[in-house]
Amino acid sequence: MKTSSCIRMSSLYAPTLKEDPAEAELASHKLMLRAGMIRKMASGLYSYLPLAWRVISKIEAVVRDEMDGIGAQEMLLPILTPAELWHESGRWDKYGPELMRTKDRHDRDFCLGPTHEETVTALVRNELHSYKQLPVTLYQIQTKFRDELRPRFGLMRGREFIMKDGYSFHADQESLQRTYDDMRAAYARVCERCGIRALPVAADTGQIGGSTSVEFMAIADAGEAELVWCDCGFAADTEAATCAVRVEEGPGDGTLQKVATPGCGTIESIAAFFGVPQEATRKALALIDAAGEPVVCIVPGDHEMNDCKAEHAFGEGYHMMTDEELAQYGLHKGSMGPVGLPAGVRLVADVSLKDSQSWLVGANEDGFHYTGARPGRDFQPTAWVDVITAREGDVCPTCGKPLHAARGIECSQVFQLGTKYSEALGALYTDANGDEHPMIMGCYGIGVSRMVAAIIEQHNDEHGIVWPVCVAPYEVSVIPLTVGDDVIAPVAERLTAELVDAGIQVVLDDRKERPGVKFADNDLMGFPYQLVVGKKALAEGNVEVKDRATGERELIAVDEVAKVLAERVISQRK
Ligand code: ATP
Ligand code: MG
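Quick caveat: nothing in here was measured; it's all calculated off a predicted structure.

Conventions we followed
- Residues numbered from 1 in each chain as written.
- Chains lettered and ligands numbered in written order.
- Predicted model: local features only at pLDDT ≥ 70, side-chain atom pairs only at ≥ 80, totals over all residues.
- Heavy atoms only, no water.
- 1 Å grid on protein atoms, 1.4 Å probe; cavity = no way out; pocket = protein on both sides within 12 Å on 5 of 7 lines; lining within 4 Å.
- Points joined across faces, edges and corners; volume = space filled by probe spheres on them.
- Nonpolar A, V, L, I, M, F, W, Y, C, P; charged D, E, K, R; others polar.
- Helix = DSSP H or I, 4+ residues; strand = E, 2+ residues; numbered from the N terminus.
- Domains from an automatic or database assignment.
- Pairing = 2+ DSSP bridges.
- Axes fitted to C-alpha atoms, helices over the stretch in contact; angles between N-to-C directions.
- Contact = heavy atoms within 4.5 Å.
- Buried < 20%, exposed > 50% of the residue type's maximum accessible area, 1.4 Å probe, protein only.
- Polar contact = N/O pair within 3.5 Å; in protein donor to acceptor, adjacent residues only side chain to side chain.
- Expected span 1.5 Å × (residues − 1).
- Arc of directions from axis to C-beta.
- Parallel < 35°, antiparallel > 145°, perpendicular 65-115°, else oblique.
- Left-handed = near helix turned anticlockwise from the far one by under 90°.
- Near = heavy atom within 4 Å.
- Areas by Shrake-Rupley, 256 points an atom, 1.4 Å probe, with all protein chains shown as cover.

### Some thoughts on empty space enclosed by the protein
- Tallied over the entire structure, the rule returns 2 cavities of 30 Å³ or more.
- For the largest cavity, the full set of lining residues is Ala-241, Thr-242, Cys-243, Lys-309, Asp-350, Val-351, Ser-352, Asp-386, Ile-388, Ala-390 and Asp-394.
- Across the lining of the largest cavity, the residue classes break down as 5 nonpolar, 2 polar and 4 charged.
- Roughly 30 Å³ of volume is contained in the second largest cavity.
- Lining the second largest cavity we find Gly-44, Tyr-46, Tyr-48, Leu-155, Gly-158, Glu-160, Phe-161 and Ser-449.
- Those elements that provide at least two residues to the lining of the second largest cavity are β3 (45-48) and β9 (160-170).
- In terms of residue class, the lining of the second largest cavity is built from 4 nonpolar, 3 polar and 1 charged.

### Describing the domain arrangement of the protein chain
- Splitting the protein chain by domain gives domain 1 (1-36 + 474-574), domain 2 (74-242 + 405-457) and domain 3 (257-385).
- Measuring from the centre of the C-alpha atoms in domain 1 to the corresponding centre in domain 3 gives 62 Å.

### As for the sheet that holds strand β30 (residues 529-533)
- If you trace the 6 strands from one edge of the open sheet to the other, you get β1-β29-β28-β30-β31-β32, paired in mixed fashion. Two strands bound the open sheet, and with one partner strand each, they are β1 (6-8) and β32 (553-557). Averaged over all pairs of adjacent strands, the angle between strand axes in this sheet comes to 25 degrees, irrespective of strand direction.
- Looking at chain direction, strand β28 (residues 476-480) and β30 are connected through 5 bridges and run parallel. The residue of β30 that forms the bridge with Ser-477 is Gln-530.
- Against the sheet, helix α13 (residues 515-525) contacts β28, β30 and β31 (542-547), and its axis sits at roughly 175 degrees relative to β28.

### Quick notes on the side chain of Glu-148
- Mapped onto the elements, Glu-148 comes out in the loop between β8 (136-145) and β9.
- When its relative accessible area of 12% is taken as the criterion, Glu-148 is described as buried.
- In this structure the side chain of Glu-148 is engaged in a polar contact, spanning 3.1 Å, whose partner is the side chain of Arg-157.
- Apart from residues lying up to four places away in sequence, Glu-148 is in contact with Glu-98, Arg-157, Gly-158 and Arg-159.

### Observations concerning helix α6 (residues 173-193)
- Its 21 residues give α6 an end-to-end C-alpha distance of 30 Å, which sits within 8% of 30 Å, the value for a rise of 1.5 Å per residue.
- Buried within α6 we find Ser-175, Leu-176, Thr-179, Tyr-180, Met-183, Ala-186, Tyr-187, Val-190, Cys-191 and Arg-193. Viewed along the axis of α6, the buried residues span an arc of 155 degrees, placing them on a single side of the element.
- Positioned one or two residues after α6, Gly-195 has a phi angle of 85 degrees, which is positive.

### Structural notes on the packing of helix α2 (residues 50-69) against α6
- Here α2 crosses α6 at 155 degrees, and the two axes come no closer than 10 Å. Accordingly, the angle class assigned to the pair α2 and α6 is roughly antiparallel. Both α2 and α6 take part in a crossing whose hand is right-handed. Residues Val-62, Val-63, Asp-65, Glu-66 and Met-67 of α2 touch α6, and the partners they reach there are Met-183, Ala-186, Tyr-187, Arg-189, Val-190 and Arg-193.
- Taken together, the residues that form the contact of α2 with α6 break down as 7 nonpolar, no polar and 4 charged.

### Focus: the site of ligand 1
- Near ligand 1, the surroundings consist of 15 residues, among which Arg-146, Glu-148, Arg-157, Gly-158 and Glu-410 are the closest.
- Between Arg-157 and ligand 1, the recorded distance is 2.8 Å, taken from a side-chain N or O atom to an oxygen atom.
- Between ligand 1 and Gly-158, the relevant distance is 2.8 Å, taken from a nitrogen atom to a main-chain nitrogen or oxygen of the residue.
- Contact with the protein chains removes 85% of the 580 Å² of surface that ligand 1 exposes when unbound.
- Residue assignment for the shell around ligand 1 shows that the elements contributing at least two residues are β9 and β22 (404-418).
- Broken down by element, the shell around ligand 1 gets its largest block of residues, 4 residues, from β22.
- For the shell around ligand 1, the class distribution of residues is 6 nonpolar, 4 polar and 5 charged.

### Points about the sheet that holds strand β14 (residues 257-260)
- In space, the 3 strands of this open sheet follow the order β14-β20-β19, with antiparallel pairing throughout. Edge strands, defined here as strands with exactly one partner in the open sheet, are β14 and β19 (359-362). Put simply, the sheet's adjacent strands are angled 30 degrees from each other on average, direction ignored.
- Bridge analysis of β14 against strand β20 (residues 368-373) gives 4 bridges, and the strand direction is antiparallel. Bridged to Ala-260 within β20 is Phe-368.
- Packed on one face of the sheet, helix α7 (residues 267-274) meets β14, β19 and β20 and runs near 105 degrees to β14.

Here it is, written out as structure tokens:
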């Protein structure tokens, strides 16, 4: 019997918990703790126990298969990265406290790599010189470190996690586009093969930089990411989505009128006062931009400002004004607006409002609002910015239909980086004429350990995990209902051996436990098929097979069952 394909439950290191652990909110986190898959060492640091490690190995195998299939080459870079490289790219300062920094005995600065653009670019700049050597795509599967502000949800957001990161180097944009397209397709297949229903969404490029980017989002209520999508195929992270908004004109006849609005300090109260929907109101937000200058930004009343977009518009480090700052610049909380702003406060407005001609806005005077305020006539924004979070009902930029909203778990992301790192680190190649250019780069990440959580979020029920066959830690569990019984035990052993010989990965639940305990544990651990060996069925020459996903049970002849089950399992591997 090949031992790697079979384990006795009595020796499996999977310490299960009967109760839901108090520290866990999400199904995936709870179930991984309860099924004895992971244990917490410290905030955001987890040990992967054997069941989890087997799942991770399977995901990694899928990733390797897909990467090798598009000509990417696996390698391994050091985790510890000298600060000099991060100084060259400018990210030593820019990455902020998320970068895990450390020093060696000579007091030299290092970081534990959160991503490896610097390291891989420094590698190839010494090795690749000619356009004839390009393109090249390298990847690794490695532990990454990020000192996340809020590590949480188990493997979903750790401070140490497993990532596949890939990087490609090109002499021209067409070549990058080809590799990017291949990667995108391979990433879609990775999710699909691992049993994840994922949507490719247009994404912001965040800390990594670059222009074009797509994230693969596992659709799940537990997801931290918000997205909008349309039946036509459009989908975007709300951090990146630029969607038209159904803006309603405010009340009034289009002339500027000052109206007393006693006690109306919120969008709800002002909408109620005028008897209009919130879409017909305008919200003014006061902030200090990254340069330290005061700004008032007007957005549709029914929309929120998006922090990620606001960083692009106002610079990293912008902040919303405190009450003291509002007072300092002469702004009135609850009645701010674009008409008659105090001198020195810059006015901007969300681009979705550009065509709207009659705004209901605060009058910069306590207890008063204006109706009929018109841009160009009554006030002039210095810029139209894109800062609002897209939401359900906004207009699809592709087809014009209303958008749907969903939550997602970001499993992976592909980026077209351009020359950001090759320029900064001097990774140059010479073209056919002997002229030097920075290489054009792409980078591609998959959150391997986060994918385990994503799979469970999409595949669980009230009894536990329901592994898709392709990533199940073991594919079949053989459950003898009485242990030590001289009829049942040999049959269970024989069926286990037959399954293993057929190439199936099997758990033999040889524990001296009541059937109820065994069923509960096997359901919790989520093996796709349970093969139950009991006296009654055996008397008729049968054993019972339970499909964990559907709960269906069927009796199959004991002499056939290994073959039938092996075929079924193998046909579901991807
Ligand atoms: P997030 O927005 O969720 O913080 P990110 O966009 O910063 O993620 P990337 O730099 O794109 O992450 O990293 C590639 C992949 O690594 C992500 O798509 C995600 O699946 C995974 N990942 C990122 N941060 C973590 C983390 N703290 N714990 C687990 N997986 C992570
Ligand atoms: Mg990302």
